[in-house]
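Topology and contacts: notes
If you want the building blocks of each chain, they are given just below.
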Amino acid sequence: MAFCIAVIGKDNAPLYLATSDLERELDLQYHVHAALDVVEEKCLIGKGAPDSKELYLGLLYSTEIHKIYGFVTNSRVKFIVVIDSSNVALRENEVRAIFRNLHMLYTDAVCNPFYIPGEQLVSKKFDRAVQKLMNGSA
């Protein structure tokens, strides 16, 4: 289902990055970092409307192979999901569900009293759950 899931901190430092294709990991990282510019642009536009409580940013951009979607939490942590663009069966509400599940997993991981905010996410439980989410079995 998903090629890559990334969690990016509020200072644009990667906190977690999982890819399903290790041979194309560098290319997927490039797409994630390129998507950060679009996320920042959308966040700046959204600051004008104080009633904007929408965390889901939608489709950030697409290429011939990938579609890149974004989500920003209230604490400015960004979630980026890279999906195969040939998957036409994937609807917008399913992408939203992926982000809702990812947000819950992230919240559970950072609520660990041993987690230091801003550090990389190294939780094995979080990693297993994200891998399930990427495979579409969550």
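No experiment lies behind these values; they were computed from the predicted model shown.

1. Considering the pattern of salt bridges
Taken as a whole, this structure holds 4 salt bridges when the rule is applied. For Asp27, the salt bridge is made with Arg24, and the minimal N-O distance between the two is 4.0 Å. When the shortest N-O distance is used, the salt bridge between Glu40 and Lys78 registers 3.6 Å. Taken together, the positions of Glu40 in helix 1 (residues 25–46) and Lys78 in strand 5 (residues 78–84) put the pair 38 residues apart, joining distant regions of the chain. Glu40 gets classed as partly exposed once you look at its relative accessible area, which sits at 23%. Each of Glu40, Arg76 and Lys78 takes part in one network of salt bridges that share partners.

2. Observations concerning the sheet that holds strand 4 (residues 66–72)
Ordered by their spatial adjacency, 5 strands build an open sheet running 2-1-5-4-3, and the pairing between neighbours is antiparallel. Since the sheet does not close on itself, it has two edges, and those belong to strand 2 (14–19) and strand 3 (56–62), each with one partner. Taking each pair of neighbouring strands and ignoring which way they run, the sheet shows an average axis angle of 15°. Direction of pairing for strand 3 relative to strand 4: antiparallel, over a ladder of 5 bridges. Bridge pairing links Gly58 to Gly70 in strand 4. In the packing of helix 2 (residues 92–110) onto the sheet, contacts are made with strand 1 (2–8), strand 2, strand 3, strand 4 and strand 5, and the angle to strand 5 comes to roughly 140°. Packing against the sheet, helix 3 (residues 124–135) makes contact with strand 1 and strand 2, and its axis sits at approximately 45° to strand 2.

3. Some remarks on the environment of Ser123
Tracing the chain through its elements places Ser123 in the loop between helix 2 and helix 3. Note on Ser123: relative accessible area 29%, which makes it partly exposed. The spacing of Ser123 and Ala109 is 14 residues in sequence and 7.0 Å in space, taken between C-alpha atoms. A distance of 3.4 Å separates a polar atom in the side chain of Ser123 from the backbone nitrogen of Lys125. Reaching out from Ser123, the side chain makes a polar contact with the backbone nitrogen of Phe126 at a distance of 3.2 Å.

Thresholds applied
- Residues numbered from 1 in each chain as written.
- Predicted model: local features only at pLDDT ≥ 70, side-chain atom pairs only at ≥ 80, totals over all residues.
- Heavy atoms only, no water.
- Salt bridge = Lys/Arg side-chain N within 4 Å of Asp/Glu carboxyl O.
- Helix = DSSP H or I, 4+ residues; strand = E, 2+ residues; numbered from the N terminus.
- Buried < 20%, exposed > 50% of the residue type's maximum accessible area, 1.4 Å probe, protein only.
- Pairing = 2+ DSSP bridges.
- Axes fitted to C-alpha atoms, helices over the stretch in contact; angles between N-to-C directions.
- Contact = heavy atoms within 4.5 Å.
- Polar contact = N/O pair within 3.5 Å; in protein donor to acceptor, adjacent residues only side chain to side chain.

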